[in-house]
There are 2 protein chains.
Amino acid sequence: MSELALGIDIGGTYTKFGYVDKDGNILAEGKLQTFGHASLQAYLQELNQKLDVLEQSLSGYTLKGIGIGAPNANIYKGTIEHAPNLEWKGIVPFVEEFKKFRDYPVTITNDANAAAIGEMVFGAARGMKHFIVITLGTGLGSGIVVDGKLVYGADGFAGELGHVIAIEGGRMCSSGKRGCLEAYVSATGICRTVFELLSDAIVDSPLRDYSYRELTSKTIYEAAVRGDYIASQAFEYTGNILGRKLADFVAATSPEAIFIFGGLAGAGDLLLKPVRKSFEKYLFNVYNKDNIAIRLSGLGEKSAAILGASALVWEKEKTDQKSKRQGSATSPVRIDQP
Amino acid sequence: MSELALGIDIGGTYTKFGYVDKDGNILAEGKLQTFGHASLQAYLQELNQKLDVLEQSLSGYTLKGIGIGAPNANIYKGTIEHAPNLEWKGIVPFVEEFKKFRDYPVTITNDANAAAIGEMVFGAARGMKHFIVITLGTGLGSGIVVDGKLVYGADGFAGELGHVIAIEGGRMCSSGKRGCLEAYVSATGICRTVFELLSDAIVDSPLRDYSYRELTSKTIYEAAVRGDYIASQAFEYTGNILGRKLADFVAATSPEAIFIFGGLAGAGDLLLKPVRKSFEKYLFNVYNKDNIAIRLSGLGEKSAAILGASALVWEKEKTDQKSKRQGSATSPVRIDQP
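As the structure is a prediction and not an experimental result, all values here were calculated from the model.

Some remarks on the environment of B:Glu280
Residues and elements named next belong to chain B.
- Within the secondary structure, Glu-280 sits in helix α7 (residues 269–282).
- According to the relative accessible area criterion, Glu-280 is partly exposed, its value standing at 32%.
- Sequence separation between Glu-280 and Arg-244 is 36 residues, and the spatial gap between their C-alpha atoms is 8.3 Å.

As for the nonpolar core
- Grouped together as the largest cluster of nonpolar side chains are 113 residues, with contacts concentrated most on A:Ile134, A:Leu246, A:Ile260, B:Ile134, B:Leu246 and B:Ile260.
- Apart from residues no more than four positions distant in its own chain, A:Leu246 is found in contact with A:Ile134, A:Ile258, A:Ile260, A:Val275, A:Phe279 and A:Ile294.

Describing unusual backbone geometry
Residues and elements named next belong to chain A.
- At His-82, a residue that is not glycine, the phi angle is positive and equals roughly 50 degrees.
- Note on placement: His-82 falls in the loop between β6 (79–81) and β7 (91–92).
- You will see that Ser-254, though not glycine, has its phi angle at about 50 degrees, which is positive.
- Inspection of the secondary structure assignment puts Ser-254 in the loop between α6 (229–253) and β12 (257–261).
- What makes Ser-254 buried here is its relative accessible area of 1%.

Points about the sheet that holds strand β10 (residues 140–146) of chain B
Residues and elements named next belong to chain B.
- With mixed pairing, the five strands of this open sheet are ordered in space as β11-β10-β9-β12-β13. On the outer flanks of this sheet lie β11 (149–150) and β13 (293–296), each paired with one strand and no other.
- Pairing of β10 with β11, which is carried by two bridges, proceeds in the antiparallel orientation. In the strand pairing of β11, Val-145 is matched with Leu-150.
- Sheet strands in contact with helix α6 (residues 229–253) are β9 (131–136), β10, β12 (257–261) and β13, and its direction is about 150 degrees off that of β9.

Some points on the interface of chain B and chain A
- Contact residues are listed per partner, giving 41 residues for chain B and 41 residues for chain A.
- At the junction of chain B with chain A, the criterion picks out six salt bridges.
- Measuring nitrogen to oxygen at the nearest pair gives 3.4 Å for the salt bridge that ties B:Asp147 to A:Lys149.
- Across the chain B-chain A interface, the total number found is 24 residue pairs in polar contact (both at pLDDT 80 or more).

Notes on the pattern of salt bridges
- The final tally for this structure, using the stated rule, is 26 salt bridges over all chains.
- With a shortest N-O distance of 4.0 Å, A:Asp248 and B:Lys245 are connected by a salt bridge. Within this pair, whereas A:Asp248 is found in helix α6, its partner B:Lys245 is found in helix α6, the two belonging to separate chains. The exposure classification of A:Asp248 matches that of B:Lys245, with both residues buried.

Digging into helix α7 (residues 269–282) of chain A
Residues and elements named next belong to chain A.
- Taking 1.5 Å of rise per residue, 14 residues should cover 20 Å, and α7 covers 19 Å from first to last C-alpha, within 8% of that figure.
- Listing the buried residues of α7 in full gives Leu-271, Leu-272, Pro-274, Val-275, Ser-278, Phe-279 and Tyr-282.
- On its buried side, α7 packs onto β9 (131–136), α6, β12 and β13 (293–296).

With respect to the relation of the copies chain B and chain A
- The two copies are related by a screw operation: chain B maps onto chain A through 180 degrees of rotation and 0.0 Å of translation along the axis, at an RMSD of 0.0 Å. One copy is carried onto the other by what is essentially a two-fold rotation axis.

A closer look at α6(B)
Residues and elements named next belong to chain B.
- Compared with an ideal rise of 1.5 Å per residue, which puts 25 residues at 36 Å, α6 spans 36 Å between its outermost C-alpha atoms and is within 8% of the ideal.
- Among the 25 residues that make up α6, 19 are buried, leaving the element largely enclosed by the rest of the structure.
- Structurally, the start of α6 carries an N-cap: the backbone nitrogen of Ile-230 is 3.5 Å from a side-chain oxygen of Asp-228.
- Once α6 finishes, Ser-254 follows within two positions and takes phi at roughly 45 degrees, a positive value.

Criteria and thresholds
- Residues numbered from 1 in each chain as written.
- Chains lettered and ligands numbered in written order.
- Predicted model: local features only at pLDDT ≥ 70, side-chain atom pairs only at ≥ 80, totals over all residues.
- Heavy atoms only, no water.
- Helix = DSSP H or I, 4+ residues; strand = E, 2+ residues; numbered from the N terminus.
- Buried < 20%, exposed > 50% of the residue type's maximum accessible area, 1.4 Å probe, protein only.
- Core = buried A, V, L, I, M, F, W, Y, C linked by side-chain atoms within 4.5 Å.
- Contact = heavy atoms within 4.5 Å.
- Pairing = 2+ DSSP bridges.
- Axes fitted to C-alpha atoms, helices over the stretch in contact; angles between N-to-C directions.
- Salt bridge = Lys/Arg side-chain N within 4 Å of Asp/Glu carboxyl O.
- Polar contact = N/O pair within 3.5 Å; in protein donor to acceptor, adjacent residues only side chain to side chain.
- Expected span 1.5 Å × (residues − 1).
- Least-squares fit on C-alpha atoms with pLDDT ≥ 70 in both.

Here it is in structure tokens:
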């Protein structure tokens, strides 16, 4: 009987889920709104009802396990902690509550870590031992892989590169600190940069028609493609900062590649060119710049989040197989006998 | 028969070596000048003659292996590459040349990595899985441990945290870049800071009697202890920058402790207090500051370099025992039958 992994990606707006086989094929998928439920239990009830329906179309498979990607999730504790974009406040024992509905092996981690494992299992990092994934959405997330394993660190919160300082004393960040990388390099960050540039320059720009609330990174991208100076400068500025910080990250774990993932990565060369230029300028010369690739993610944007979450299960299997030789393991459960 | 490891620490001035048992006892030690030899071969000849003499006092032991700490050493290739403070230029195949004199299993890595492994095997990091060692000598080196293993990265040069940017567009660094952490936080860095402060302030200070060439970090320390304003400010400034960057490093690998090692660490609280204050100010709030210790190294300054280098052998044994279960191993060689 073929094995499947259930991948669940919890975003601020939607929760997306899909049943994925070992080759990264999504056999069934669905979604629900993450917000607007009376309680976590009400949300879990709706999610699990939808999963029940989906599973009926899938009998004959066994479910290997469940992988969940969520903001501020902690793999060690199975919790979601103080996630600013979710309605559930404080420290939420998510896995414990989820298991009341579906008692399978569950692994939860933050969405950027899931993206990194997705890249390793299904994407462009297959076979790589040392790489970093940077996710550029509303914020900037990261997953760091060392020796073929995701780095979780002492407390499960390793890889928060969005909150290293990019500019000392710089912009206020939602973290409460000033100058965080994410305040510059993210969908929100590039909008803030446009407003800074509009205030500084006197050249005309179609971007002068947008309020702060209206402006999106997509609008900036489209303006840049049409040759708008302010928009082009915004990508240049964003890329410069990201490239400089990537050079710093290389000095920590010396990866063979850095993958850029998420909405803003859709800008392609408009972002990657200044990133590369600045990266090479700031890279410490013991590193051979030609050996370090900076590329777009190898996972399709549309299904990347589900693939990433489901990859947690396949990655865990690999780890379990290693530790099985030294005792302990998990066994799959038939999908029609939950 | 008891096993020993030979630890060799190659510094710009002296090469120190010692035979160390599993508990970190140095049973015999010696040193020679690193510079002033006609060739690498001449240096190796003198080193190995001294080792021969030392070994005669140690018969009855087996030699498990040799660990070498050296600037810019690459564990994957067994090379020392472009080390600015050594006479051997370019890429030196050190292990290959060394083995012509002593054909034992040899592991070489940079001195800061050796210090980190020394801390893990013999020092204050025993039992820790995630920690960072920062070495403050002429420059700033670092060794990063993740999941109980030193991070070498794709090319063997991970952990070059001295060359992340501390101040964008700041001081020139020997790396050819501007604003590197090491240009501020190191024995040299704090001297540069004193000269900057002397140029900026108008208060009197005994440090106004020293030329740039004369001034040492020890002199600054002694002036600070006696209450000199400039010297105290120099430690404050150095500690501020280090603390801010340590907070960034936590966001990468989330260690449980950071150990400060080397000459400047001798300043103790004079350095650690501003480091801690700035670290807590800049630490991203998903991390619990109370769970992250910043401490002085647990290895005595005097023998730390030899212990660190020898620890490479014991650490390698641990790794080999793991991989032995999956094939491959190294066996010890009797010390009186080289």
